[in-house]
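# A structural walkthrough
So you can see what is in the structure, the chains are spelled out below.
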Amino acid sequence: MPMKTSTRFVKAAILDVCTALVFCTLCEWLALYVFHTATPAPGEGWIWPMFWINFVFAWCVATIIGMIPGVVDMGFNWAMKRSNPSEGAKFGALVNVPINTVYSVILCYLVGTLDACVLGGAPFVASFFGFLQNIIPVWIACYVVTFLLQGPIENFARKVCNDPAPAMPQMH
């Protein structure tokens, strides 16, 4: 749906704070307690410095992705082939599938590479295996967060930026 650049930025920046928090929490939990690929310092249950590095990096990458108009247009066009805006939540769920896939694949791979290879010194192949073990839970978690929050956050961004939503096209 068309929006001003300022609206797109406000929406992406706010939505991606939520997405990055969930993403980084899930990935650190998976690394520490499920896959045992990271170890906190003795007496600690969480690796806070790594979490905050990941959060800032994920937020920056996700916000950049959110500023690319083609990503949102791709989701809208894909959903229009299968539904129409008058179907409300169904249409919103469909719009979110390709958009969330782009976000999840890029974030999962880049943050995994940052953690394992750049900061952790692991061989490059570790980023590929980390991606494979994390992508499904990451996709599901990010989908739920963005599906639930994108509408209210877009409405807020449009209000703050004085950018009313255009009329939605209907399928015939």
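A brief report on the enclosed structure follows. (Residues numbered from 1 in each chain as written. Predicted model: local features only at pLDDT ≥ 70, side-chain atom pairs only at ≥ 80, totals over all residues. Heavy atoms only, no water.)

## Concerning the pattern of salt bridges
Quick note on the threshold: What makes a salt bridge here is a side-chain nitrogen of Lys or Arg within 4 Å of a carboxyl oxygen of Asp or Glu, nothing more. Strands here are runs of E lasting at least two residues and helices are runs of H or I lasting at least four, both read from the DSSP assignment and numbered beginning at the N terminus. Partly exposed residues are those whose accessible area sits between 20% and 50% of the maximum for their type, while under 20% is buried and over 50% is exposed, using a 1.4 Å probe and protein chains only.
Within this structure, the stated rule accounts for four salt bridges. Between E154 and K11 there is a salt bridge, with the nearest N and O atoms lying 3.0 Å from each other. You can see E154 sitting in helix α5 (residues 125-160) and its partner K11 sitting in helix α1 (residues 5-34), a full 143 residues away along the chain. For the pair shown, E154 and K11 are each scored as buried. Measuring nitrogen to oxygen at the nearest pair gives 3.5 Å for the salt bridge that ties K90 to E87. Take E87: its relative accessible area is 35%, and that puts it in the partly exposed class. Here the salt bridges do not stand alone but share partners, grouping K11, E154, R158 and D163 into one network.

## Observations regarding the environment of A20
This is how the line gets drawn: Contacts are assigned to residue pairs with any non-hydrogen atoms lying within 4.5 Å of each other.
Assignment of secondary structure puts A20 in helix α1. Distance from A20 to V160, taken between C-alpha atoms, is 22 Å for residues 140 residues apart in sequence. When neighbours within four sequence positions are excluded, A20 is seen to be in contact with F55, A58 and W59.

## Describing α5
Turn by turn, an α-helix covers 3.6 residues, leaving residues three or four places apart pointing in a common direction. What counts, and what does not: Here, expected helix span is obtained from the residue count minus one, scaled by 1.5 Å. We define the bend at any residue as the angle between the axes fitted to the seven residues before and including it, ending there, and the seven starting there.
Here α5 contains 36 residues, and its C-alpha end-to-end distance of 44 Å is more than 12% below the 52 Å for a straight helix at 1.5 Å per residue. Taken as a whole, α5 carries its principal kink of about 45° at N134; the proline P137 stands between one and four residues after it. One or two steps after α5, the chain reaches N162, where phi turns positive at roughly 50°.

## Looking at the packing of aromatic side chains
What counts, and what does not: Aromatic pairing here means that ring centres of Phe, Tyr or Trp (its six-membered ring) are within 6.5 Å. Orientation follows from the plane angle: under 30 degrees is stacked, over 60 is edge-to-face, and everything else is tilted.
For the structure shown, the criterion picks out eleven aromatic pairs. With centroids separated by 4.9 Å and ring planes inclined at 85°, the aromatic side chains of F51 and W52 adopt a geometry described as edge-to-face. Residue F51 is classed as buried on the basis of its relative accessible area, which comes to 5%. On the basis of relative accessible area, W52 is assigned to the partly exposed category, the value being 44%. Ring centres of Y143 and F147 lie 6.1 Å apart, and the angle between their planes is 5°; this geometry places the pair in the stacked category. One end of the pair is Y143 and the other is F147, both in helix α5 and four residues apart, which spans about a single turn. The class of F147 is partly exposed, set by a relative accessible area of 31%.

## Comments concerning the layout of surface pockets
Rules: In this analysis a 1.4 Å probe is tested at points of a 1 Å grid over the protein atoms alone, and where it fits but cannot get out there is a cavity; an open set with protein on both sides within 12 Å along at least five of seven lines is a pocket; lining residues have an atom within 4 Å of a point. Grid points are joined across faces, edges and corners, and a volume is the space filled by probe spheres set on the points. All residues other than Ala, Val, Leu, Ile, Met, Phe, Trp, Tyr, Cys, Pro, Asp, Glu, Lys and Arg, Gly among them, are scored as polar; the first ten of these are nonpolar and the last four charged.
By volume, the largest pocket is sized at about 680 Å³. As for the largest pocket, its lining consists of 31 residues, of which K11, V95, I99, Q150 and E154 are closest to the centre. Listed by contribution, the elements that provide at least two residues to the lining of the largest pocket are α1, α3 (69-80), α4 (89-119) and α5. The residue makeup of the lining of the largest pocket, split by class, is 17 nonpolar, ten polar and four charged. Reported here for the second largest pocket is a volume of approximately 470 Å³. Lining the second largest pocket are 22 residues, and of these A31, T37, A38, D115 and A116 sit closest to its centre. Contributing elements (two or more residues each) for the lining of the second largest pocket: α1, α2 (48-66), α4 and α5. Partitioning the lining of the second largest pocket into residue classes produces twelve nonpolar, eight polar and two charged.

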